[in-house]
Amino acid sequence: MIFGRSERGKPPVEPVTLKILVAGGFGVGKTTLVGAVSEIRPLRTEELLTEAGRPVDDTSGVEGKHTTTVAMDFGRITLREDLVLYLFGTPGQERFWFMWDELSEGSLGAVVLADTRRLEDCFAALDYFERRSIPFVVGVNCFEGADRYPVDAVRQALDLDEDVPLMLCDARDRASVKDVLIEVVQHAMAYGAKHRQIVTS
């Protein structure tokens, strides 16, 4: 099966498309994550960091970062013949948060990327999805040279509920990112089933 076409003699398969957001703080690896798994060339809306932005863009811990997402990243990955994920990376800086409502419309769930050197940068994304009852998974992006902490310690520092999945990942590695995305889909399905049960009981 090639996306959008079927093998000769077989009826075309209409894939189910799911929308997943990738959120987190500035410089946490959202653009990298989308690019690691996208089967198409990712749409990126990156601009160079400028001197004018230095007072509001805190680059401590990510001094090598020279660009920033100003609208969104977009990628696509076919998990199965009948299941396609659309990935939308959100801009990390506070001045672009007004776009999150539009990007989150119709989403199945989200990945909140965290960096242990700047854990507080992901608090806004955690609050956003919690308040809107959008299921999410936390992926701790393991940067080279950064201290490694036990998952339980990171969960405690983020004050996460026990039912929110938290996993270590490498945003550059396709297999690692696919594991995170599969976890999002499974968590969102379980979350939806649980809430339907509460409503009907």
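Here goes a summary of the coordinates provided. What you see is a predicted model, and the numbers here were worked out from it, not measured in a lab.

### Describing unusual backbone geometry
One non-glycine residue, S133, lies in positive phi territory at about 55 degrees. Given a relative accessible area of 45%, S133 falls into the partly exposed group. Despite not being glycine, D159 shows a phi value in the positive range, around 55 degrees. Mapped onto the fold, D159 is located in the loop between α4 (151–158) and β7 (166–169). For D159, a relative accessible area of 65% puts it in the exposed group.

### A few points about the pattern of salt bridges
All told, the structure shown has eight salt bridges when counted by the stated rule. The partner of D121 in a salt bridge is R118, and the shortest N-O contact between them spans 2.9 Å. Judged by relative accessible area, which is 27%, D121 ranks as partly exposed. Residue class for R118 comes out buried when judged on its relative accessible area of 7%. Each of E144, D170 and R172 takes part in one network of salt bridges that share partners.

Rules used in this analysis
Residues numbered from 1 in each chain as written. Predicted model: local features only at pLDDT ≥ 70, side-chain atom pairs only at ≥ 80, totals over all residues. Heavy atoms only, no water. Buried < 20%, exposed > 50% of the residue type's maximum accessible area, 1.4 Å probe, protein only. Helix = DSSP H or I, 4+ residues; strand = E, 2+ residues; numbered from the N terminus. Salt bridge = Lys/Arg side-chain N within 4 Å of Asp/Glu carboxyl O.

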